[in-house]
Amino acid sequence: MTAFRISPTATDAFPDTLVALVTATGLRGHEPWPDTTTALEDLEQQLALGIWQPADESDPRIEAWHTAYRSFGTNPRRIRPSVDALGRRMTKKGVLPRINPAVDSYNSVSVRHGLPAGAFDLDHVTGDVDVRYADGSEEFTPLGEPGTVEHPRAGEIIYADTTGVLTRHWNHRDAHRTRVTEDSVHVAFVLETLHAARDGDILKVAADELQGLLVPHAERTAVHHLSPAHPNAAV
C-alpha cells in the first residue's frame, strides 16, 4: 500500500485543508466510458447555452488558491492552479480536452465543482507520498516533457515520493513519471480544497461523483480524506 501524508508545516499554514483521495484498482482504460463522455458533453452544452460557466479567479474557490500560491512565492497568474487553467481553457475553446477516460473523468469533476484535481499511477510511485514544502533539491520532470528536469523553489508546496516531485506548486502540474494513461490500472485521484468549512461538502460531492464515474470500470474503488486531524491515509 502507498501512504499519503500531509505535513504538519503545510496544515499549520493552511489549517482548513481537506484532500479527497479517490482510489481505483483494476481500472479498464481501453473500454468506452459512456458516463464520462456524457458528463463532458453536458458541461460543454451548458456552457454553450450560457447557463453555466467555469469558476474564474473571482470565485472564492479559485481565489483561495491564488492566495496560497502567492504565500509560497508562485505568481498564480503566470503559473495557475490546475482548475483555474482548465476552466480558462474551457471558457476560451468551449470544450474540455479529451485525454483518456480516467483523466477526462477527473477533469470533468474538477471544472464542474471548481476544485483542483489530479491523479497518480500508483504502479509508478516509489514509497509514500507527502504533501510538503520543497527544500529545492528535489527533481521534477513535467508531464509531456520526459527529457526535462526542474527543481522546485524552496518553500513551494509539492507532492513528492521517494524519487522526486509528483506535482509542483501544490496542484499546477503533474509529473511525467506517474501520469495516468489508458494502461494505468491502480490510480489515486486527488481533489482539494483549502476551505473545508466552506467547501467541504462540495468536495465530498465531487469525490462521490468521481467515484461514480470510476465504479463501472474498476474492480475496486474507495474514498479517503487527508486533513489536519487525519493527516495520513493508506491507499
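Described below are features of the structure shown in this document. Computed from a prediction, not measured in an experiment: that's the story for all the values here. (Residues numbered from 1 in each chain as written. Predicted model: local features only at pLDDT ≥ 70, side-chain atom pairs only at ≥ 80, totals over all residues. Heavy atoms only, no water.)

What follows concerns the overall build of the protein chain. When helices and strands are counted, the protein chain shows six helices and ten strands. Since a compact globule built from 235 residues should have a radius of gyration of about 18 Å, the 16 Å found for the protein chain is in line with a globular shape. Along the longest, intermediate and shortest principal axes, the C-alpha atoms of the protein chain span 45 × 40 × 40 Å. For the protein chain, buried positions account for 53% of its 235 residues. Contacts spanning at least 24 positions in sequence make up 73% of the contacts within the protein chain whose residues lie at least 6 apart. A total of about 10300 Å² of accessible surface is found on the protein chain, and carbon and sulfur atoms cover 50% of it. (Helix = DSSP H or I, 4+ residues; strand = E, 2+ residues; numbered from the N terminus. Rg over C-alpha atoms; globule rule 2.2 N^0.38 Å. Buried < 20%, exposed > 50% of the residue type's maximum accessible area, 1.4 Å probe, protein only. Contact = heavy atoms within 4.5 Å. Areas by Shrake-Rupley, 256 points an atom, 1.4 Å probe, with all protein chains shown as cover.)

To continue, consider the sheet that holds strand S7 (residues 173–174). Overall, mixed pairing links the six strands, which are arranged S7-S6-S5-S4-S1-S10 in an open sheet. The open sheet terminates on both sides in strands that have one partner only, identified here as S7 and strand S10 (232–234). As paired elements, strand S4 (residues 129–133) and strand S5 (residues 157–160) share four bridges and run antiparallel to each other. Of the residues in S5, the one forming a bridge with Val131 is Tyr159. (Pairing = 2+ DSSP bridges.)

For the coordinates displayed, the defined rule picks out six aromatic pairs. Aromatic side chains Phe120 and Tyr159 sit 5.5 Å apart centroid to centroid with 45 degrees between the ring planes, which places their arrangement in the tilted category. In this pair, Phe120 is assigned in strand S3 (residues 117–121) and Tyr159 in strand S5, connecting sequence segments 39 residues apart. By the burial criterion, Phe120 is buried, and Tyr159 matches it. (Phe/Tyr/Trp six-rings, centres within 6.5 Å; stacked < 30°, edge-to-face > 60°.)

As a further point, take the pattern of salt bridges. Across all of its chains, the model carries 15 salt bridges by this definition. One salt bridge in this structure joins Arg5 and Asp128, with 3.1 Å as the shortest N-O distance. Of this pair, Arg5 sits in strand S1 (residues 3–6) while Asp128 is found in the loop between S3 and S4, placing the two residues 123 residues apart along the sequence. Looking at Asp128, the relative accessible area reads 26%, which means it is partly exposed. Between Arg132 and Glu138 there is a salt bridge, with its nearest N and O atoms 2.8 Å apart. (Salt bridge = Lys/Arg side-chain N within 4 Å of Asp/Glu carboxyl O.)

A separate point is the side chain of Asp84. Topologically, Asp84 is positioned in helix H4 (residues 82–93). In this structure the side chain of Asp84 is engaged in a polar contact, spanning 2.8 Å, whose partner is the side chain of His66. (Polar contact = N/O pair within 3.5 Å; in protein donor to acceptor, adjacent residues only side chain to side chain.)

Moving on, we come to the packing of helix H2 (residues 34–49) against helix H5 (residues 101–113). Where H2 contacts H5, the two axes come as close as 9 Å, and the packing angle between them is 35 degrees. Relative to H5, the crossing made by H2 is left-handed. For the pair H2 and H5, contact is made by Thr36, Ala39, Leu40, Leu43 and Gln46 and by Pro101, Asp104, Ser105, Ser108, Val111 and Arg112, respectively. Taken together, the residues that form the contact of H2 with H5 break down as five nonpolar, four polar and two charged. (Axes fitted to C-alpha atoms, helices over the stretch in contact; angles between N-to-C directions. Left-handed = near helix turned anticlockwise from the far one by under 90°. Nonpolar A, V, L, I, M, F, W, Y, C, P; charged D, E, K, R; others polar.)

Geometric descriptors of this kind do not, in isolation, establish any biological role.
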